[in-house]
Amino acid sequence: MKKAIATLLALAMCGGLLAGCSGADSGAAGAPASGSTAAGGTTILNIGTGSVGGTDNTVVEAISSVVNQKTGLKTSTITTAGGTEIIYLLETGDIQAGYSGTIDLVNALNGASAFEHAVDPSHMLQCFGFVTWDLPLVVLDNSGIESYEDLAGKRVGLSPVGSSTAEVLTLVLDAYGLTDSVTIENFTWNEGYTALKDGRIDAMVGSWANGDPISGLIELKATKGIHILNMSEEVAAKVAEANAGVGSGTLTAKNDESIPEGETVLTPANSGVIIADASVDEDTMYQYTKAVLDNLEELKGISNYFNAFEEVCMDVCVEGVPFHPGAAKALKEAGLWQDRFTVYGE
């Protein structure tokens, strides 16, 4: 299984790098490496993000816009298959920072799932968390599918191979014993919701970021009624035992009108963290993190995904992975640091 996933990731990595970058710079091949200085003394950071339409893509692009405007740094965002690929690209030096799901950080530390070996923490130093995703499977209303068990023999849509979300739902399906009885199809977020709406798949992973549905899900709900599948507590415990980076969350009528008042839906949950390689100097990551902290109101105006930033920036991070010294410095100055974490090199 590892080899199959690794092969698919290798193909995705090649495709992602050939597809190039968005933002101020428009090509990975010609972008300077970490710590290099372009004409005029500008430091360049190549930053990995997930597929278009996902929370991480929205957040990383928004941060890049602010950093490019407010600091002497220049960021170039590179679209990838997700957290697993980003960690590989950090390890090889093709990018200098990016996002990762907490499930990916735990897998990388342990050489689990798609990782053929344990990744040294120096390649994935935490900077700050930005989101917790509730990730239940969603079906169309009146589909006849009322539970995860009803998915046997059905077509299930997940995010791209190697993405954090796909890794989480793979654990959930395995815990239900459904791995060999469902047909998995992988999509970008918007493509997946279109496939569900058109009846080409029977279920698609939903995503509520800090309690709010992502844009593609909102568009689906504008034309179709949905039903959110409830995960059992037994399966939640199995998934958490399999990977400490995966938690569980709850959705209520406050989060989605399809949930009856007074009822609660238990969901698998993963969190997003900005990470950077140790080769990025302290001042660069200090400027990057400080730009976020100093411009939160502007970022909140760009996306509501930043509304809970102060609550999640430390709470969702993984204790076994150290923080980048520059990010830690900025967090400490802002009074957000939590002493349960460690700083790389200290």
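The structure displayed is predicted, hence computed values, not measured ones.

Caption draft 1: Layout of the nonpolar core. In terms of nonpolar packing, the biggest core is built from 107 residues, with F128, L137, Y148, L151 and Y288 touching the most fellow members. If sequence neighbours within four positions are ignored, Y148 has contacts with P136, L137, V172, Y176, L178, L229, N230, M231 and P268.

Caption draft 2: View of the pattern of salt bridges. For the structure on display, the rule yields 10 salt bridges. The partner of D198 in a salt bridge is R200, and the shortest N-O contact between them spans 3.7 Å. When its relative accessible area of 47% is taken as the criterion, D198 is described as partly exposed. On the basis of relative accessible area, R200 is assigned to the partly exposed category, the value being 43%. One salt bridge in this structure joins D256 and K221, with 2.5 Å as the shortest N-O distance. Here D256 is found in the loop between β14 (247–251) and β15 (265–276), whereas its partner K221 is found in helix α7 (residues 215–221), with 35 residues between them in sequence. As far as the burial class goes, D256 and K221 line up, both buried. Where salt bridges share partners, they join K221, D256 and E257 into one cluster.

Caption draft 3: Broad picture of the side chain of T49. With respect to the element layout, T49 can be found in strand β3 (residues 42–49). Classification of T49 as buried rests on a relative accessible area of 0%. For T49, the side chain forms a polar contact with the side chain of D56, separated by 3.3 Å. The contact partners of T49, leaving out residues within four places of it in the chain, are D56, N57, V60, I78, T79, T80, I86 and Y99.

Caption draft 4: Broad picture of helix α8 (residues 233–242). Among the residues making up α8, those that are buried are V235, A236 and V239. Taken end-on, α8 shows its buried residues confined to a sector of 105 degrees, consistent with a single buried face. Relative to its buried face, α8 has exposed residues pointing more than 90 degrees away, namely E233, E234 and E241. Where α8 is buried, its residues touch α5 (164–175), β14 and β15.

Caption draft 5: How the structure looks around the sheet that holds strand β8 (residues 155–158). Across the sheet, 5 strands lie side by side as β9-β8-β10-β7-β13; this open sheet has mixed pairing. What marks the edges here is a single partner per strand, and that holds for β9 (183–186) and β13 (226–228). Across the sheet, the mean angle separating the axes of adjacent strands is 30 degrees when strand polarity is ignored. Pairing of strand β7 (residues 137–140) with strand β10 (residues 203–205) involves 2 bridges; the strand directions are antiparallel. From the neighbouring strand, V138 faces β10, where its bridge partner is M204. Sitting on the sheet, helix α6 (residues 189–198) is in contact with β7 and β10, with an inclination near 160 degrees to β10.

Caption draft 6: Region of interest: helix α4 (residues 102–110). Buried residues dominate α4, accounting for 7 of its 9 residues. Every buried residue of α4 is listed here: T102, I103, D104, L105, V106, N107 and A108. Each element contacted by the buried residues of α4 is listed here: α3 (83–92), β5 (97–101), β6 (125–134), α5 and β15. Phi turns positive, to about 60 degrees, at G111, one or two residues after α4.

Caption draft 7: Broad picture of the environment of H123. Mapped onto the fold, H123 is located in the loop between α4 and β6. H123 sits 26 residues away from A97 along the chain, and the two C-alpha atoms are 9.0 Å apart. Setting aside its immediate chain neighbours within four residues, H123 contacts L90, E91, A276 and D277.

Caption draft 8: The environment of T132, seen in detail. Mapped onto the elements of the fold, T132 is located in strand β6. On the basis of relative accessibility, which here comes to 23%, the residue T132 falls in the partly exposed class. On a C-alpha basis, the gap between T132 and G247 in space is 9.4 Å, while along the polypeptide they are 115 residues apart. Look past the residues within four positions of T132 in its chain and what remains in contact with it is W208, A209, N210, A269, N270, S271 and V316. Reaching out from T132, the side chain makes a polar contact with the side chain of S271 at a distance of 2.9 Å.

The rules behind each value
- Residues numbered from 1 in each chain as written.
- Predicted model: local features only at pLDDT ≥ 70, side-chain atom pairs only at ≥ 80, totals over all residues.
- Heavy atoms only, no water.
- Core = buried A, V, L, I, M, F, W, Y, C linked by side-chain atoms within 4.5 Å.
- Buried < 20%, exposed > 50% of the residue type's maximum accessible area, 1.4 Å probe, protein only.
- Contact = heavy atoms within 4.5 Å.
- Salt bridge = Lys/Arg side-chain N within 4 Å of Asp/Glu carboxyl O.
- Helix = DSSP H or I, 4+ residues; strand = E, 2+ residues; numbered from the N terminus.
- Polar contact = N/O pair within 3.5 Å; in protein donor to acceptor, adjacent residues only side chain to side chain.
- Arc of directions from axis to C-beta.
- Pairing = 2+ DSSP bridges.
- Axes fitted to C-alpha atoms, helices over the stretch in contact; angles between N-to-C directions.

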